Amino acid sequence: MQPFSGWSVADRAPLRRSGVSTPSPLHEVHSELGASFTDFAGWSMPVRYSSELAEHRAVRESAGLFDLSHMAEIEVRGPQAADMLDYAFVGNLATVKVGRARYSMLCNTAGGVLDDLVTYRLEEDLYLVVANAANAEVVATALTDRSAGFDVEVTNRSADYALIAVQGPSSADIVRAVSDADLDSLRYYASMPATVDGVDLLLARTGYTGEDGFELYCAPAQARQVWDALSAAGQEYGLLPAGLACRDTLRLEAGMPLYGQELTEYLTPFDAGLGRLVKFEKASDFVGRDALAARSEAEAQRILVGLAGSGRRAPRSGYPVVGPDGGEPIGEVTSGALSPTLGYPIGMAYVPVEYSDAGTELSVDVRGKSLPVEVVALPFYRRS
């Protein structure tokens, strides 16, 4: 399967330069739509177009259209690609079938998370690793270093891709209107070569919003054509362009971790409640195995929990969490916002185990004022 064999050097986006905010291949489109921009991991990306509340609700009720071209794409190719990725990641990538994808983590030798990623198996000996923009260089360097001794080639192909996502209940109808793909056969966490408005691309059924949705990987020079086709098809469904601000509240409602907040190099997958991703049963050794094995057997000290409040004041990242008896902080909010879907404040925080049971009453210090919160199970929102 070689859906991108026709791409030329002229199709590529400019390489990112240190200290320079790189525009997305769709920057002109966003400007025409009146977007507000923010610098994110060295990229100039749309944070909102008109109202992040309207954009959030569009994704929950119909569909939203996202530009995710800041994400990093790293190709791992060769006869030992599966073995190398099993060594590099905590998950079992060798068991991923061609056309499927897997969420996993890249850890350091101490078991700390360097990034959480989605990896697609495009061919028997070809994988595409999609990393968070802020960790692009870290992941590319780690994979290159960990490929030593394996018959593989690691190539950072981030400049070769633009990435567009359609998320929401109407996303399948919108993609179906402009694509030749058999969406009924495309399962969650799967991908296939497809054509959208005559553009060859990789179509994946994944997402970061808690809704059904699709991600489309295409050549940067053809990104506008794909975006415009999806926009036109989505008009009858109420599709809106959506920025990074609503993407954050959507993933928070869905209880999905964000690197740099719920995940860091100082926390292991077990700390984040994602120990299930660590596959000790795989035959191969992997980076961080010994440290993670020890952590899996140790009694947890802190646990990531959900917090639900009332009123309009919302907990924010960095705000102290206080125990039921007041006094000194027992934890810190990692992410928080007023939930557009639920209508009340929500957040995530690491707290000591003894305060982690659902129903436990805590409080958050919101700029000197106490916000009562209750520990709740994650996620806050789950689509029906």
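Criteria and thresholds
- Residues numbered from 1 in each chain as written.
- Predicted model: local features only at pLDDT ≥ 70, side-chain atom pairs only at ≥ 80, totals over all residues.
- Heavy atoms only, no water.
- UniProt positions renumbered as here; feature names shortened; annotations may be inferred.
- Helix = DSSP H or I, 4+ residues; strand = E, 2+ residues; numbered from the N terminus.
- 1 Å grid on protein atoms, 1.4 Å probe; cavity = no way out; pocket = protein on both sides within 12 Å on 5 of 7 lines; lining within 4 Å.
- Points joined across faces, edges and corners; volume = space filled by probe spheres on them.
- Nonpolar A, V, L, I, M, F, W, Y, C, P; charged D, E, K, R; others polar.
- Pairing = 2+ DSSP bridges.
- Contact = heavy atoms within 4.5 Å.
- Axes fitted to C-alpha atoms, helices over the stretch in contact; angles between N-to-C directions.
- Parallel < 35°, antiparallel > 145°, perpendicular 65-115°, else oblique.
- Left-handed = near helix turned anticlockwise from the far one by under 90°.
- Phe/Tyr/Trp six-rings, centres within 6.5 Å; stacked < 30°, edge-to-face > 60°.
- Buried < 20%, exposed > 50% of the residue type's maximum accessible area, 1.4 Å probe, protein only.
- Lys NZ or Arg CZ within 6 Å of the ring centre and 35° of its normal.

As recorded in UniProt, the sites labelled "binding site: substrate" (unreviewed entry) are Glu215. Within the element layout of this structure, Glu215 appears in strand S13 (residues 213–218).

Quick look at the layout of surface pockets now. Estimates place the volume of the largest pocket at around 1400 Å³. Asp116, Gly207, Tyr208, Met256 and Pro257 are, among the 49 residues lining the largest pocket, the residues nearest its centre. Only strand S2 (36–40), strand S7 (113–123), S13, helix H7 (244–253) and strand S15 (302–308) provide two or more residues apiece to the lining of the largest pocket. In terms of residue class, the lining of the largest pocket is made up of 32 nonpolar, 9 polar and 8 charged.

Attention now goes to the sheet that holds strand S14 (residues 240–241). Sheet strands pair by backbone hydrogen bonding; their relative direction is either parallel or antiparallel. Here we have 6 strands laid out as an open sheet, ordered S11-S12-S13-S10-S4-S14, and mixed in their pairing. The open sheet has two edge strands, strand S11 (191–196) and S14, and neither has a second partner. Each of strand S4 (64–67), strand S10 (162–167), S11, strand S12 (199–204), S13 and S14 touches helix H6 (residues 223–234); the most contacted strand, S10, lies at about 10° to it.

A word on the sheet that holds strand S1 (residues 22–23). Here we have 3 strands laid out as an open sheet, ordered S1-S3-S2, and mixed in their pairing. Of all strands in the sheet, those with a lone pairing partner are S1 and S2, marking the two edges. Two elements, S2 and strand S3 (residues 43–48), share 5 bridges in a ladder whose sense is antiparallel. By the bridge assignment for S3, Thr38 is matched with Met45. In the packing of H7 onto the sheet, contacts are made with S2 and S3, and the angle to S3 comes to roughly 70°.

Before going further, it helps to examine unusual backbone geometry. Here the amide bond leading from Leu378 into Pro379 is cis, since omega sits at 0°, within 30 degrees of zero. Unusually for a residue other than glycine, Asp197 sits at a positive phi of about 55°. Summarising the element assignment, Asp197 is placed in the loop between S11 and S12. Phi angles above zero are rare outside glycine, and Arg367 is one such case at about 55°. Position of Arg367 relative to the elements: it lies in the loop between strand S19 (361–366) and strand S20 (369–376).

Packed helix pairs are characterised by how far apart their axes lie and by the angle those axes make with each other. Where helix H5 (residues 171–178) contacts H6, the axes come no closer than 9 Å and their chain directions differ by 120°. In terms of their interaxial angle, H5 and H6 are classed as oblique. Remark: the crossing between H5 and H6 carries right-handed chirality. Between H5 and H6, the contacting residues are Ile174, Val175, Ala177 and Val178 on the first element and Ala229, Leu230, Ala233 and Gly234 on the second.

With that settled, consider the packing of aromatic side chains. Under the defined criterion, the tally for this structure stands at 6 aromatic pairs. Aromatic pair Tyr87 and Phe150: ring centres 5.9 Å apart, planes at 35°, arrangement tilted. Separated by 63 residues along the polypeptide, Tyr87 in helix H3 (residues 81–88) and Phe150 in the loop between helix H4 (136–146) and strand S9 (153–156) bring together distant segments of the chain. Taking relative accessible area as the criterion, Phe150 reaches 24% and is therefore assigned partly exposed. On the numbers, 6.2 Å between centres and 40° between planes, the contact of Phe280 with Phe286 is tilted. Residue classification places Phe286 among the buried positions, given a relative accessible area of 2%. Grouped by ring-pair contacts, the aromatic residues Tyr120, Tyr161 and Tyr217 constitute a single cluster. Here Arg247 stacks its cationic end above the ring of Phe66, 6.0 Å away from the centre of that ring.

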